[in-house]
Amino acid sequence: MSKLVTIYGGSGFVGRYIARRMAKAGWRVRVAVRRPNEAIFVRTYGAVGQVEPVLCNIRDDASVRRAMQGADAVVNCVGTFDKGGKNNFQAVQVEGAGRIARIATQEAVGNLVQISSIGAESAAASDYSRTKAAGEAAVLAAFPAAVILRPSVIFGSEDGFFNRFAAMTRMGPVLPVVGASTRFQPVFVDDVAQAAVLGATGEAAPGIYELGGPEVASFRDLMKQMLNVVQRNRLIVNIPFALASVIAAGFDALTVLTGGLVTNKVLTRDQVKSLRSDNVVADGAKTFADLGITPVTMDSMLPEYLWRYRSSGQYAAIKNSARNLRKV
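Residues numbered from 1 in each chain as written. Predicted model: local features only at pLDDT ≥ 70, side-chain atom pairs only at ≥ 80, totals over all residues. Heavy atoms only, no water.

Asks: How should the pattern of salt bridges be read in this particular structure?
Replies: Any two side chains of opposite charge can pair, given that their charged atoms come close. Following the criterion strictly, the structure yields 12 salt bridges and no others. Where Arg21 meets Asp190, a salt bridge forms, and the shortest distance between an N and an O atom there is 3.0 Å. In this pair, Arg21 sits in helix H1 (residues 13–24) while Asp190 sits in helix H6 (residues 189–200), placing the two residues 169 residues apart along the sequence. Relative accessible area serves as the criterion here: at 30%, Arg21 is assigned to the partly exposed category. Here Glu136 makes a salt bridge to Arg150, at a shortest N to O gap of 2.7 Å. Placement of the pair is Glu136 in helix H4 (residues 127–142) and Arg150 in strand S6 (residues 147–151), with a sequence separation of 14 residues. Within this structure, Glu121, Glu136, Arg150 and Glu210 form a network of salt bridges that share partners. (Salt bridge = Lys/Arg side-chain N within 4 Å of Asp/Glu carboxyl O. Helix = DSSP H or I, 4+ residues; strand = E, 2+ residues; numbered from the N terminus. Buried < 20%, exposed > 50% of the residue type's maximum accessible area, 1.4 Å probe, protein only.)

See the structure below:
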């Protein structure tokens, strides 16, 4: 019988790419999610019955254990940007990650991969990064041979980064950003998935790997690159951190005042803190090179999915070509 991997959060942005790669490699894949009925699409990644979504709440030991029983490898992709509520930073990124690692040891799982993020430091300014670091510590305490992956901002057709700002270009002539000088090292989602598969199959040595693409660029330059792809002219305006903090505080307050009925999806104070620090691979860190992976460039991938934000959509190339035709 083929080996089994349980992927917590396997229907999410990164998880679905890992699930697809594991299925292609011949593994049985169990996708552990809160809403299995919304993850039915993962079944198409393999043969009938090869990839199955199952119900799991990573805040509950019994639920995590049921999803893991019989697994040869485990990958944890679950993360959150929500500071409040039941599925908050502490519950998901610290306790949830530690719970999965502890039960993986108890269940004698062979390999464990934890998806973290660049900037995961105990002394980080943002709660998000501090809890990512605490989650890593909890994983390593329970499962010392784990592979921990720290990607920079991840891009791909379902991403929440380039898609978000490309959509904003439809709203007016100005594109506001916070931290225009902050540097990022964007990484393609399937490259991260490939690294995760190496960890799950035991082909990657235990340890922490920082994953960044071949290009380092400021937030402003990334937006210029995106604007070039979507063929729109917009004025990029940097919002000072002090003003951004005030704006974010207002959106955070709205969430509190509505009892969580309105979730802050625009800008949080914690995100403003994160944007004060560069998000690039640290000197001396293990990287893609240590995994034998050559990451793809943004130029080769962004046009593949950002074309829909052009004013003429998929017909932009034809329209531009038509302009060059001679009038008869």
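There is more to say after this.
Asks: Explanation requested: the side chain of Asn163 in the structure shown.
Replies: Of note, Asn163 is situated in helix H5 (residues 162–168). A polar side-chain atom of Asn163 sits 2.8 Å from a polar atom in the side chain of Tyr309. Leaving out residues up to four positions away in the same chain, Asn163 has contacts with Gly156, Ser157, Glu158, Tyr305, Leu306, Arg308 and Tyr309. (Polar contact = N/O pair within 3.5 Å; in protein donor to acceptor, adjacent residues only side chain to side chain. Contact = heavy atoms within 4.5 Å.)

Asks: How do you make sense of H1 when you look at a structure like this?
Replies: Every α-helix carries 3.6 residues per turn, so stepping three or four residues along brings you back to the same face. With 12 residues, H1 extends 18 Å between its outermost C-alpha atoms, agreeing within 8% with the 16 Å of an ideal straight helix rising 1.5 Å per residue. Here H1 has its buried residues at Val14, Gly15, Tyr17, Ile18, Ala19, Met22 and Ala23. Backbone geometry just downstream of H1 places Gly26 in the positive-phi region, at approximately 95 degrees. (Expected span 1.5 Å × (residues − 1).)

Asks: In this structure, what is going on with the packing of aromatic side chains? I would like to understand it.
Replies: Here the structure, examined in full by the defined rule, presents 12 aromatic pairs. Site record: aromatic cluster; members linked through ring pairs are Phe155, Phe161, Phe162, Phe165, Phe184, Phe188 and Phe219. Here Arg20 stacks its cationic end above the ring of Tyr17, 5.2 Å away from the centre of that ring. (Phe/Tyr/Trp six-rings, centres within 6.5 Å; stacked < 30°, edge-to-face > 60°. Lys NZ or Arg CZ within 6 Å of the ring centre and 35° of its normal.)

Asks: Mind showing me how you'd approach the nonpolar core here?
Replies: Proteins that are soluble and globular tend to have nonpolar side chains buried together. Residues Ile18, Phe162, Met223, Met226 and Leu306 are the most contacted members of the largest nonpolar core, which totals 73 residues. Considering each element in turn, this core owes the most residues, eight residues, to H6. In contact with Met226, other than residues within four places in its own chain, are Phe162, Phe165, Ala166, Thr169, Leu175 and Leu306. Grouped together as the second largest cluster of nonpolar side chains are 22 residues, Val78, Ile103, Leu112 and Ala146 included. (Core = buried A, V, L, I, M, F, W, Y, C linked by side-chain atoms within 4.5 Å.)

Asks: Quick question: what am I supposed to make of a positive patch on the surface here?
Replies: A cluster of basic side chains, namely Arg34, Arg35, Arg59 and Lys86, defines a positive patch on the protein surface. For Arg59, the location among the structural elements is in the loop between strand S3 (51–55) and helix H2 (61–68). (Patch = residues over 30% accessible without salt bridge, like charges linked within 9 Å, V, L, I, M, F, W, Y side chains within 5 Å. Areas by Shrake-Rupley, 256 points an atom, 1.4 Å probe, with all protein chains shown as cover. Lys, Arg positive; Asp, Glu negative; His and termini not counted. Charge placed at Lys NZ, Arg CZ, Asp CG, Glu CD.)

Asks: What is the right way to look at the packing of helix H3 (residues 89–106) against H4 in this model?
Replies: Helix-helix packing is characterised by the crossing angle of the two axes and by the distance between the axes. Contact geometry of H3 with H4 gives a least axis separation of 8 Å together with a crossing angle of 10 degrees. By the angle between their axes, H3 is roughly parallel relative to H4. Here the hand of the crossing between H3 and H4 comes out right-handed. Every residue of H4 that contacts H3 at Phe89, Gln90, Gln93, Val94, Ala97, Gly98, Ala101, Arg102 and Thr105 is listed here: Asp127, Tyr128, Thr131, Lys132, Ala134, Gly135, Ala138, Val139 and Ala142. A breakdown of the residues in the contact of H3 with H4 according to their chemical character gives nine nonpolar, six polar and three charged. (Axes fitted to C-alpha atoms, helices over the stretch in contact; angles between N-to-C directions. Parallel < 35°, antiparallel > 145°, perpendicular 65-115°, else oblique. Left-handed = near helix turned anticlockwise from the far one by under 90°. Nonpolar A, V, L, I, M, F, W, Y, C, P; charged D, E, K, R; others polar.)

Asks: Looking at this structure, how should I read the sheet that holds strand S4 (residues 73–76)?
Replies: One key point about sheets: their strands pair by backbone hydrogen bonds, in either a parallel or an antiparallel sense. Judged by pairing direction, the sheet is parallel, and its seven strands sit side by side in the order S3-S2-S1-S4-S5-S6-S11 without closing on themselves. Because the sheet does not close on itself, it has two edges, and the strands there are S3 and strand S11 (207–211). Here the strands of the sheet are splayed against their neighbours by 20 degrees on average, with no regard to which way each runs. (Pairing = 2+ DSSP bridges.)

Asks: Is there a simple way to explain unusual backbone geometry in this structure?
Replies: Leave glycine aside and you will find that most residues have negative phi; peptide bonds, for their part, are mostly trans. Despite not being glycine, Ala108 has its phi angle at roughly 60 degrees, a positive value. With respect to the helices and strands, Ala108 occurs in the loop between H3 and strand S5 (111–115). Ala108 gets classed as exposed once you look at its relative accessible area, which sits at 64%. A positive phi angle, near 60 degrees, is found at Gln231, a position not held by glycine. Looking at the element boundaries, Gln231 is found in the loop between helix H7 (219–230) and strand S13 (235–239).

Asks: Is there a simple way to explain the state of the cysteines in this structure?
Replies: Simply put, disulfide is the name for a covalent bond between the sulfur atoms of two cysteines. Taken as a whole and assessed by the stated rule, the structure comprises zero disulfides. Free of any disulfide, Cys56 has its nearest cysteine sulfur in Cys77, 13 Å distant. (Disulfide = S-S within 2.5 Å.)

Asks: Sorry, what's going on with the packing of H1 against H6 here?
Replies: One can describe the packing of H1 onto H6 by two numbers: an axis separation of 8 Å at closest approach and a directional angle of 55 degrees. The angle between H1 and H6 falls in the class oblique. Taken as a pair, H1 and H6 cross one another with a handedness that is right-handed. Contact with H1, carried on its side by Phe13, Val14, Tyr17, Ile18, Arg21 and Met22, involves Val189, Asp190, Val192, Ala193, Gln194, Ala196, Val197 and Ala200 of H6 and no other residues of that element. Broken down by class, the residue content of the contact of H1 with H6 amounts to 11 nonpolar, one polar and two charged.

Asks: So what exactly am I meant to see when it comes to a nonpolar patch on the surface here?
Replies: On the surface, a nonpolar cluster with roughly 400 Å² of combined accessible area is contributed by Leu243, Val246, Ile247, Phe251 and Val266. Residue placement: Ile247 occurs in helix H8 (residues 241–257). With relative accessibility at 34%, the residue Ile247 sits in the partly exposed group.

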